[in-house]
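Chain by chain, the residues run as shown.
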Amino acid sequence: MLTHTGMNETQVHIVGSGLAGSEAAYFLAERGVRVILHEMRPTRLTPAHKTGACAELVCSNSLKSKSPVSAPGMLKTEMRHLGSLILQAAERSEVPGGEALAVDRDLFAGFITDKIKNHPMIKWVEGEVSTPPSTEEPTLIATGPLTSESLSKWLAQATGEQDLYFYDAIAPIIDAQSIDRNITFLANRYDKGEELAYINCPFNEEQYYAFVDALLTGGKVAPKAFEQEKFFQGCQPIEAIAASGRDSLRFGPMKPVGLVDPKTGKRPYAVVQLRPENKALTAYNLVGFQTKLKYPEQTRIFRMIPGLEQAELLRHGSIHRNTYVCGPKVLRSDLSLRGHPKVYLAGQITGVEGYLESSACGLLAAMSIYQRLKGISHRQPPAHTALGSLLQYITGSDIKNYQPTNMNFALFDPRLFEGLESMKRDDFRDAMSKQAFENLKNWAAADGAILTRSTEDSLQRLEKKFNHTR
């Protein structure tokens, strides 16, 4: 830990110990800021959480692509450079995931919980928070997609927003021993990744359309009277995708491209992929299979998947409410709330979607708070970095068309990058990823409030890792 003169007298309140809150708390504490971290779990659990652990993962166990030339990979490279706790945990709890950074969720949450609860600069306070706990000291609200009703009411009043929610999703998990390995095959799409990670369940044409019919007619959980369905495109229920066209699934989450069934030597008509949930490979999740089917219907219908005829569901899929604000309307560029300059928001409540993006948002908010405490003007990462482009979307995009987003290349403005105009797509992304990282390093190095000796010491190692993966 690096302590800075004059920082010990200031406290920062953080509400929520999820990915964004934990990332922000650790970033500030490592720089000598006293943090009071408020968490209502396990005293009061959300409909999705099961424990009181920090950064409990309740949906997928993937933090997306590890490739440094993918948009999520670019974001990871920048976050590592700033000492991300979430990526430290992910790399220590990694399970086979092909090109994706998949984690053992228990080891992941355990590592972060230990770091947070044993940090001398972090005070853990258990109990629900209904309003910002301080009006004099900076407060970061990072309560995630299932923000409590009382705090949601305060946010609605503070922002003037009436509809602070859409729907997010949880994919089912099955017992590995209940998979019929005589029918399934092990392969990564296009053979990407160093380890074979995905179990593939192949469909022929007749099986596929019977499965689609079952999804369309299966009993579903109706939304509650106070809930208006607002589905993020990346979290569409599997049955909602099927309802958009009988072939939509095999061109979407059940697409067979890049896969060959070794038993037939041919590409299946459609395929369901299963991804490991833990290092022991005792459980797998159905990739892209978030659903509003009733629990008995999930068991019946998912057992129509070839190889899962005897599947035991360890966790059923579900759809849950996700609270968020219209970022460009209610947030300043430093993620503070308009009308409440000492209240900051981070994570999914700002309108980012995904574990990685929520963690990055926690870093961004923590950096803004730290700059404020140091008494310097706000300097956000430049827009031609992954962190900067994500922040620009959250706080500076079109209010009328704002909707939750994950990290993707559409967030970048290619005009901000030099000498890339005539390059082909792959070469362009390769060059852009290198430029973005250089831009981030230069920005951080110019601001002593952000770059500490600990990150300077790790810079050479990170650069070697980045160049090696290229």
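The structure contained in this document is the topic of the report that follows. (Residues numbered from 1 in each chain as written. Predicted model: local features only at pLDDT ≥ 70, side-chain atom pairs only at ≥ 80, totals over all residues. Heavy atoms only, no water.)

When helices and strands are counted, the protein chain shows 13 helices and 17 strands. Taken over 470 residues, the protein chain has a buried fraction of 58%. In the form shown here, the protein chain has an accessible surface area of approximately 19,800 Å², with 49% of it arising from carbon and sulfur atoms. (Helix = DSSP H or I, 4+ residues; strand = E, 2+ residues; numbered from the N terminus. Buried < 20%, exposed > 50% of the residue type's maximum accessible area, 1.4 Å probe, protein only. Areas by Shrake-Rupley, 256 points an atom, 1.4 Å probe, with all protein chains shown as cover.)

With that settled, the discussion passes to the pairing of strand 2 (residues 34-39). Burial analysis of strand 2 places 5 of its 6 residues in the buried class, which makes it a mostly covered element. Relative to strand 2, strand 1 (residues 11-15) is paired through 5 bridges, and the arrangement is parallel. Its bridge partner being in strand 2, His13 is matched across the sheet by Ile36. With helix 1 (residues 19-30) bridging strand 1 and its parallel neighbour strand 2, the resulting β-α-β unit is right-handed. As defined by bridge partners, strand 2 adjoins strand 6 (residues 122-126) across 5 bridges and the pair is classed as parallel. Residue pairing in the sheet places Glu39 in a bridge with Glu126 of strand 6. (Pairing = 2+ DSSP bridges. Right-handed = clockwise from strand over helix to strand, strands pointing away.)

Looking now at the nonpolar core. Buried together is how nonpolar side chains tend to be arranged in soluble globular proteins. Core analysis: the largest hydrophobic core is formed by 88 residues, its most contacted members being Ile14, Leu28, Phe108, Ile112, Ile116 and Leu140. When residues in this core are grouped by element, the largest group, 11 residues, is from helix 10 (residues 355-374). For Ile14, the residues in contact, after removing those within four places along its chain, are Gly21, Ala24, Ala25, Leu28, Val35, Ile36, Leu37, His38 and Leu140. Judged by nonpolar contacts, the second largest core, of 30 residues, contains Cys201, Val212, Leu293 and Leu308. (Core = buried A, V, L, I, M, F, W, Y, C linked by side-chain atoms within 4.5 Å. Contact = heavy atoms within 4.5 Å.)

So, on to the packing of helix 1 against helix 4 (residues 105-117). The geometry of a pair of packed helices is captured by two quantities: the angle between their axes and the separation between those axes. Where helix 1 contacts helix 4, the two axes come as close as 10 Å, and the packing angle between them is 40°. In this structure, helix 1 meets helix 4 at a crossing whose hand is left-handed. On the side of helix 1, the interface is formed by Leu19, Ser22, Ala25 and Tyr26, while helix 4 contributes Phe108, Ile112, Lys115 and Ile116. Classifying every residue of the contact of helix 1 with helix 4 gives 6 nonpolar, 1 polar and 1 charged. (Axes fitted to C-alpha atoms, helices over the stretch in contact; angles between N-to-C directions. Left-handed = near helix turned anticlockwise from the far one by under 90°. Nonpolar A, V, L, I, M, F, W, Y, C, P; charged D, E, K, R; others polar.)

A separate point is the sheet that holds strand 4 (residues 94-95). Within the open sheet, the 3 strands sit side by side as 3-5-4. Their pairing is antiparallel. The open sheet terminates on both sides in strands that have one partner only, identified here as strand 3 (62-65) and strand 4. Here 2 bridges tie strand 4 to strand 5 (residues 100-103), and the two strands are oriented antiparallel to one another. Considered in strand 5, the bridge of Glu94 is made with Val103.

Read from one edge to the other, the open sheet built from 6 strands follows the order 6-2-1-7-17-16, with strand pairing classed as mixed. Each edge of the sheet is formed by a strand with only one pairing partner; in this case those strands are strand 6 and strand 16 (336-337). Across 3 bridges, strand 1 lies against strand 7 (residues 139-141) in parallel orientation. Among the inter-strand pairings, Val15 is bridged to a residue of strand 7, identified as Ile141.

What follows concerns the pattern of salt bridges. Side chains that differ in charge, positive against negative, can pair when their charged atoms come close. Evaluated as defined, the whole model comprises 14 salt bridges. Close ionic contact of Glu357 with Lys64 constitutes a salt bridge, the shortest N to O distance being 2.6 Å. Taken together, the residues Glu357 in helix 10 and Lys64 in strand 3 connect sequence positions 293 residues apart. Arg105 is the salt-bridge partner of Glu277, the closest N and O atoms lying 2.6 Å from each other. (Salt bridge = Lys/Arg side-chain N within 4 Å of Asp/Glu carboxyl O.)

The description of an aromatic ring pair uses the distance of the two centres, along with the angle that the planes make with each other. By the definition in use, this model includes 9 aromatic pairs. Measuring from centroid to centroid gives 5.0 Å for Tyr208 and Tyr209, while their planes differ by 75°, and the two rings are edge-to-face. Three or more aromatic residues joined by ring pairs form one cluster here, namely Phe203, Phe211, Phe289 and Phe302. Across the ring face of Trp124, the terminal group of Lys117 is positioned such that the distance to the ring centre comes to 4.4 Å. The positively charged end of Lys441 is found above the aromatic ring belonging to Phe437, 5.1 Å away from the centroid. (Phe/Tyr/Trp six-rings, centres within 6.5 Å; stacked < 30°, edge-to-face > 60°. Lys NZ or Arg CZ within 6 Å of the ring centre and 35° of its normal.)

Turning next to helix 1. Taking 1.5 Å per residue, 12 residues should reach 16 Å; helix 1 reaches 16 Å between its end C-alpha atoms and fits that length. For helix 1, the tally of buried residues reaches 12 of 12 residues, placing the bulk of the element in the interior. Where helix 1 is concerned, the buried positions are Leu19, Ala20, Gly21, Ser22, Glu23, Ala24, Ala25, Tyr26, Phe27, Leu28, Ala29 and Glu30. Directly beyond the C-terminal end of helix 1, a positive phi value near 90° is found at Gly32. (Expected span 1.5 Å × (residues − 1).)

What follows deals with helix 12 (residues 425-445). An α-helix turns once every 3.6 residues. As a result, residues three or four positions apart point the same way. The terminal C-alpha atoms of helix 12, which comprises 21 residues, lie 30 Å apart, in line with the 30 Å expected from a rise of 1.5 Å per residue. All of the buried residues in helix 12 are Phe428, Asp430, Ala431, Met432, Ser433, Ala436, Phe437, Asn439, Leu440, Lys441, Trp443 and Ala444.

With that settled, consider the environment of Leu164. For Leu164, the position within the fold is in the loop between helix 5 (149-159) and strand 8 (165-170). Assessed through its relative accessible area of 7%, Leu164 is described here as buried. It is 7.6 Å that separates the C-alpha atoms of Leu164 and Ser152, two residues lying 12 residues apart in sequence. Beyond its immediate chain neighbours, meaning those up to four positions away, Leu164 contacts Ser152, Leu155, Ala156, Thr159, Asn322, Thr323, Tyr324 and Val325.

In this structure, Asp191 is a non-glycine residue whose phi angle is positive, near 60°. Of note, Asp191 is situated in the loop between strand 10 (185-186) and strand 11 (199-203). With a phi angle near 75°, Leu335 is a residue other than glycine that sits in the positive phi range. Turning to its location among the elements, Leu335 is positioned in the loop between helix 9 (327-330) and strand 16.

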